[in-house]
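Structural characterization, general
What follows is each chain in one-letter form.
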Amino acid sequence: MNVEQPDFWSFVELAGRRLEEEFGFPHPLATRLLLTLNRASAIVTYDLESTVHRPRGHSWAGFRLLFVTWLAGPLEPGRAATLAGMSRAAVSNLAKTLIADGMLERTPGERDGRSVILSLTEHGHRAMLDVFAGQNERERQWAGVLTETEQQMLIMLLDKLIEGRTRFDVRERS
């Protein structure tokens, strides 16, 4: 018997149906919502990394660290980790690579003898202007499948979803 294998989107439907009908889980729409949200995020992230960042010699994680440092200004690594949604260990490891690449510099912090500050070098600043021009154009292409009103509605709905996390015990990087 030749059984057709599901693609991701038909799998989402299959998962919702089986979880409800066979196993009795009462919230198939919630499962579908979060599977779809996670998959959409993964697709967009992979596309941005493969079309914008990798061709320029960067990773998505490296871009995130450079991006927050570029826009928020010089930062302690812990603050950079929070803004980039990364662990401190990831920021520490990425910073070493980005410093070696001449994109970031690390200077002693003023708080105590162990603190450091990460900031973009002039080379890093120029690179971010180029990288973000490519990213912003790709973002426009992605967002362009929705009308401006739909884009605003999606932002509003995602904001509402995230703001609702205070109603239950959510674990997140901080």
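Here's a quick rundown of the structure. Each residue is numbered by its place in its chain's sequence as written, counting from 1. For this predicted model, a pLDDT threshold of at least 70 governs which residues receive local features, and a threshold of 80 or more governs which side-chain atom pairs are given and counted, while totals over whole chains, interfaces and linings are taken from all residues. Side-chain descriptors were evaluated using all non-hydrogen atoms of the structure, hydrogens and water having been removed beforehand.

1. A short note on the overall build of the protein
The numbering of helices and of strands both runs from the N terminus, where a helix is a DSSP run of H or I of at least 4 residues and a strand a run of E of at least 2. Counting its regular elements, the protein contains seven helices and two strands. In the protein, the succession of helices and strands from N to C terminus is α-α-α-α-α-β-β-α-α. By the compact-globule yardstick of 16 Å for 174 residues, the protein is too spread out, its C-alpha radius of gyration being 20 Å. Across its three principal directions, the C-alpha atoms of the protein cover 60 × 40 × 35 Å. The buried share among the 174 residues of the protein stands at 26%. Surface accessibility of the protein: about 12300 Å² in total, with carbon and sulfur atoms responsible for 56%. Two things to know: the radius of gyration comes from C-alpha atoms, and the globule rule equals 2.2 Å times the number of residues to the power 0.38. Exposure categories follow from relative accessible area, calculated using a 1.4 Å probe and restricted to protein chains: below 20% of the type maximum is buried, above 50% is exposed, and the middle band is partly exposed. Per-residue and other accessible areas were derived by the Shrake-Rupley procedure at a 1.4 Å probe size, with only the shown protein chains allowed to occlude residues.

2. So, the packing of aromatic side chains
Aromatic contacts are taken between Phe, Tyr and Trp rings whose centres are within 6.5 Å, Trp giving its six-membered ring; a plane angle under 30 degrees counts as stacked, one over 60 as edge-to-face, and the others as tilted. Enumeration over the complete set of coordinates arrives at five aromatic pairs. Their ring planes at 50° and their centres at 6.0 Å tell us that Trp70 and Phe132 sit as a pair that is tilted. Here Trp70, found in helix α3 (residues 60-72), pairs with Phe132, found in helix α6 (residues 122-143); they are 62 residues apart in sequence, far enough to count as distant.

3. Some remarks on the nonpolar core
In globular proteins that are soluble, nonpolar side chains generally tend to be buried together. In these notes, a set of buried Ala, Val, Leu, Ile, Met, Phe, Trp, Tyr and Cys residues joined through side-chain atoms within 4.5 Å is what counts as a nonpolar core. Formed by 25 residues in total, the largest nonpolar core has its most connected members in Leu65, Leu66 and Leu104. Counting residues per element, the ones that place at least two in this core are α2 (28-53), α3, α4 (77-84), α5 (88-100), β2 (116-120) and α6. Per-element tally for this core: the top contributor is α3, with six residues. Any two residues having at least one pair of non-hydrogen atoms within 4.5 Å are treated as being in contact. When neighbours within four sequence positions are excluded, Leu104 is seen to be in contact with Leu65, Leu66, Thr69, Ala95, Leu98, Ile99, Ser119, Leu120 and Thr121.

4. Some details on α3
By this rule, a helix spans an expected 1.5 Å times one less than how many residues it contains. Between the first and last C-alpha of α3 there are 18 Å, a value that for 13 residues agrees with the 18 Å anticipated at 1.5 Å per step. Every buried residue of α3 is accounted for by Trp60, Gly62, Phe63, Leu65, Leu66, Val68, Thr69 and Trp70. As for α3, its buried residues are in contact with α2, α4, α5, β1 (104-108), β2 and α6.

5. Side note on α4
Regarding α4, the residues found buried are Gly78, Ala80, Ala81 and Ala84. Buried residues of α4, viewed axially, fall in a sector of 160°; they line one side. Elements that come into contact with the buried residues of α4 comprise α3 and α5. Two residues or fewer after α4 comes Gly85, characterised by a positive phi angle close to 70°. By arc we mean the arc of the directions from the helix axis to the C-beta atoms, nothing more.

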